[in-house]
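Inside the fold
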Amino acid sequence: LAATDADQEQNSVVQLDAEIVGSIELPEVVPYATTFVDASITVGFDSEGMHIVICTGMNGIASVVGVKDIEVQRKTGWFTWETVAVSTGGESYDLTTSVCTLIYRGAVEGEQYRVKCVHYGNVDGYREMEAETDWVTYVIE
């Protein structure tokens, strides 16, 4: 969703729509317990905004695999952050991998951002793992 200038001025939090794609990619060795084999957050920038790709991969076919509680935060001080966008994320079923893509169109060039989320899955027992990127500066090259 695009954020308007008025939204940004009021410091409101933008609700992002997530696109979820799942796949099956079985590892060569499958541990007996639920294990994350991929829990990555990739951030890129262009003139459209901040592109976020969150991948959650499990060690086997999961009854559910996904990401939730996604927050895009803007750095406001030395150790302080403000949440500027959120998404509930999404999930896939009976697969090993779920990829969530989002675009935050309210990013401001020169500002610093980070992304936080919770990866989750159930292969042989439900597990969650919190994740957070380092801060990145929005620069259009």
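Residues numbered from 1 in each chain as written. Predicted model: local features only at pLDDT ≥ 70, side-chain atom pairs only at ≥ 80, totals over all residues. Heavy atoms only, no water.

**Comments concerning the environment of Glu109**
Inspection of the secondary structure puts Glu109 in the loop between strand 8 (95-104) and strand 9 (112-122). Considering only alpha carbons, one finds Glu109 and Val139, 30 residues apart in sequence, at a separation of 5.5 Å. Once residues within four sequence positions are removed from consideration, Glu109 is found in contact with Tyr138, Val139 and Ile140. At 3.2 Å, the side chain of Glu109 forms a polar contact with the backbone nitrogen of Ile140. (Helix = DSSP H or I, 4+ residues; strand = E, 2+ residues; numbered from the N terminus. Contact = heavy atoms within 4.5 Å. Polar contact = N/O pair within 3.5 Å; in protein donor to acceptor, adjacent residues only side chain to side chain.)

**Remarks on the environment of Ile70**
Tracing the backbone through its elements, the reader meets Ile70 in strand 5 (residues 64-75). Owing to a relative accessible area of 2%, Ile70 belongs among the buried residues under this scheme. Measuring from C-alpha to C-alpha, the distance between Ile70 and Lys116 comes to 5.7 Å, with 46 residues separating the pair along the chain. (Buried < 20%, exposed > 50% of the residue type's maximum accessible area, 1.4 Å probe, protein only.)

**What about the nonpolar core?**
Core analysis: the biggest nonpolar cluster contains 20 residues, and Met50, Ile52, Ile54, Ile70, Val72, Tyr104 and Tyr113 have the highest contact counts within it. Sorting the residues of this core by element identifies strand 4 (49-62), strand 5, strand 6 (81-87), strand 8 and strand 9 as the ones contributing at least two each. Residues in contact with Met50, not counting those within four places in the same chain, are Val43, Gly44, Phe45, Val72, Leu102, Ile103, Tyr104, Ala107, Tyr113 and Val115. (Core = buried A, V, L, I, M, F, W, Y, C linked by side-chain atoms within 4.5 Å.)

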